[in-house]
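For reference, the chains in residue letters:
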Amino acid sequence: MNDKTTPRKVEKLVAVKGMNDILPPESARWEALEDRVRRLMHRFAYENVRTPIVEPTALFVRGLGEVTDIVEKEMYSFEDRLNGEALTLRPENTAGVVRAAIEHSLLYNGGKRLYYFGPMFRHERPQRGRYRQFHQIGAEALGFGGGEVDAELILMAHALWQELGLTEVELQLNSLGQPEERNAHRAALIQHFEAHHDVLDEEAKRRLHLNPLRLLDSKNPAMQGVIEAAPKLLDFLGEASKRHLQTVTDVLTANGVAYRINPRLVRGMDYYNLTVFEFVTTKLGSQGTICAGGRYDYLFEQVGGKPTPAVGWAMGIERVLELLKEIGHTDAGPVLDAYAVVPDAAHLPQVMACLQTLRAAGVSVQMQASAAEGMASMKAQFKRADASGARYALIFGADEMAQGQVTVKALRDANQPQLSLALRDAAQWAQRLQSNA
Ligand code: ATP
Ligand code: MG
């Protein structure tokens, strides 16, 4: 039993390593970015989709490929304690969106453009720009085969960088071709790496015959030379694949979007074909990719659907926000319109009725805490009003209340005269307090 006189010390619990709390004021930057992205998606006619965070493990094993970093070592997988089902916290959301599209026959009358926001989970070594729970914004265009749609997605991301003032992101582009072309390349790759077997690390040796393309993705510095010299997939492309890439670059050129063909660019999942791309910055160290994607025309079949062309991208929200901070762009949330200064707790019911009217009219207003915390002195309340960032102080003093009025004082503009306004007309003057009025 717990002895009341000697309270038992309870161990402090902390968040799981690599999984972060997102707290104010930082969370306001997240909201600002999310709001911006919602408006952007709407302009491009992408609709929101929300799928579960937990999916059957088989979805990722079959969708992403068994011999990939994510499936081999990064997934949070567990067995449902009640029914033994093999489950996984989603490490990415393209497979989940495709599963949902198949399950609900979303494409019954043509293509679908979708976007999502949300947490993803990968068991990686936590460092700047790399977390175990991180967040992505993703866009997927399902049921469209033309390179114009690949380009549309790239233009959409580009439009976001422009809006955010992110000018120093490089667009890298490559084509992974089609399965037959990849098979020919694969044979050439194996031959090349076998000839340099001595410089391969253990992982590369193991993957060489399983999935040689993965070797190109290796971050081992000792292997960069042999990777650089490896046969390029671009040289194995047939006419149709080349034309597809040309379509993409034609649209980019017509829009004045710069790009660099990077023949070494491969992605971490096996589901990609034809177009792959990344937006890369040099300002975040080795975690420089802020958005990545490509075409995945074979994923639907791989997870049990009908053949369906598709293309998409995902961006790392943490990395985008870190980059914005790095270049000094801090898109903070909206400012508070008003702060209610209330010297006497007895007036709170009446004051709160007025605040309710103001809020219904769209005004954001913070109230001095209740009588339970003790009402602070007028001076202290003004200090808090100032610290809150509010543009106006609403002073509900005893004199004002006696006359059914409130004094409105501008906190950020010394030239604005103080006003006395009638409480019962609050709905009429509410507009004046709003920043957009
Ligand atoms: P990297 O090569 O940096 O490991 P990736 O190829 O594994 O990235 P994707 O699976 O393509 O990344 O995910 C798309 C985007 O999500 C990345 O470009 C990045 O911005 C972000 N991202 C991926 N993994 C993480 C992580 N562990 N923490 C934070 N952001 C991440
Ligand atoms: Mg990764």
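Cut-offs applied
Residues numbered from 1 in each chain as written. Chains lettered and ligands numbered in written order. Predicted model: local features only at pLDDT ≥ 70, side-chain atom pairs only at ≥ 80, totals over all residues. Heavy atoms only, no water. Pairing = 2+ DSSP bridges. Helix = DSSP H or I, 4+ residues; strand = E, 2+ residues; numbered from the N terminus. Buried < 20%, exposed > 50% of the residue type's maximum accessible area, 1.4 Å probe, protein only. Lys, Arg positive; Asp, Glu negative; His and termini not counted. Salt bridge = Lys/Arg side-chain N within 4 Å of Asp/Glu carboxyl O. Contact = heavy atoms within 4.5 Å. Patch = residues over 30% accessible without salt bridge, like charges linked within 9 Å, V, L, I, M, F, W, Y side chains within 5 Å. Areas by Shrake-Rupley, 256 points an atom, 1.4 Å probe, with all protein chains shown as cover. 1 Å grid on protein atoms, 1.4 Å probe; cavity = no way out; pocket = protein on both sides within 12 Å on 5 of 7 lines; lining within 4 Å. Points joined across faces, edges and corners; volume = space filled by probe spheres on them. Nonpolar A, V, L, I, M, F, W, Y, C, P; charged D, E, K, R; others polar. Polar contact = N/O pair within 3.5 Å; in protein donor to acceptor, adjacent residues only side chain to side chain. Domains from an automatic or database assignment.

Looking now at the sheet that holds strand S11 (residues 310–316). Sheet architecture is open: eight strands sit in the order S1-S5-S6-S11-S10-S9-S7-S8, paired in mixed fashion. Edge strands, defined here as strands with exactly one partner in the open sheet, are strand S1 (47–48) and strand S8 (260–261). With two bridges connecting them, S1 and strand S5 (residues 112–121) associate as parallel partners. Its bridge partner lying in S5, Glu47 is registered against Leu114.

Let us now look at the side chain of Glu181. Relative to the helices and strands, Glu181 is located in helix H6 (residues 179–195). No salt bridge is formed by the buried Glu181. Its closest oppositely charged neighbour is Arg182, at 8.3 Å.

Turning next to the environment of Leu142. Assignment of secondary structure puts Leu142 in strand S6 (residues 133–142). By relative accessible area, which is 0% here, Leu142 ends up buried. Linking Leu142 and Ala310, residues 168 residues apart in sequence, is a C-alpha distance of 4.4 Å. When residues no more than four places from it in sequence are discounted, the contact partners of Leu142 are Val97, Ala101, Leu107, Gly111, Lys112, Leu114, Tyr296, Phe300, Pro309 and Ala310.

Taken together, Ile53, Val54 and Phe78 make up a surface patch of nonpolar side chains, about 220 Å² in accessible area. Looking at the secondary structure, you find Ile53 in the loop between S1 and strand S2 (54–56). Taking the relative accessible area as the measure of exposure, Ile53 reaches 34% and is therefore partly exposed.

With that settled, the discussion passes to empty space enclosed by the protein. Overall, the coordinates contain one cavity of 30 Å³ or more when judged by the stated rule. Together, Asn174, Leu176, His185, Leu213, Leu216, Pro231, Lys232, Leu233, Pro263, Arg264, Leu265 and Val266 line the largest cavity. When the residues that make up the lining of the largest cavity are grouped by side-chain class, the tally is eight nonpolar, two polar and two charged.

Right, let's talk about the pairing of strand S10 (residues 289–295) for a bit. Counting buried positions over the seven residues of S10 gives six, a clear majority of the element. Sheet topology places strand S9 (residues 273–280) next to S10; six bridges connect them, and they run antiparallel. Bridge pairing in S10 places Phe277 opposite Gly293. Judged from the five bridges that link them, S10 and S11 form a sheet pairing that is antiparallel. Looking across to S11, one finds that Arg295 is bridged to Val311.

Moving on, we come to the side chain of Gln434. Mapped onto the secondary structure, Gln434 falls in the segment after helix H15 (426–433). On the accessibility criterion, Gln434 (14% relative accessible area) is buried. Within the local environment of Gln434, its side chain forms a polar contact with the backbone oxygen of Gly362, the two atoms lying 3.4 Å apart. Setting aside residues no more than four positions away along its own chain, Gln434 makes contact with Asp337, Ala361, Gly362, Val363 and Arg391.

For the rest of this paragraph, the subject is the domain arrangement of the protein chain. Reports often express the size of an interface as the amount of accessible area lost when the parts come together. Under the domain assignment, the protein chain is made up of domain 1 (26–177 + 237–326) and domain 2 (338–434). Distance from the C-alpha centre of domain 1 to the C-alpha centre of domain 2: 47 Å.

The next subject is the layout of surface pockets. Taken as a whole, the second largest pocket spans an internal volume of roughly 430 Å³. Considering the residues around the second largest pocket, the lining is formed by 22 residues, among which Arg182, Arg186, Asn211, Leu213 and Asp270 are closest to the centre. Of the residues forming the lining of the second largest pocket, the biggest block, six residues, is contributed by H6. Here the lining of the second largest pocket is built from residues that sort into 11 nonpolar, five polar and six charged.

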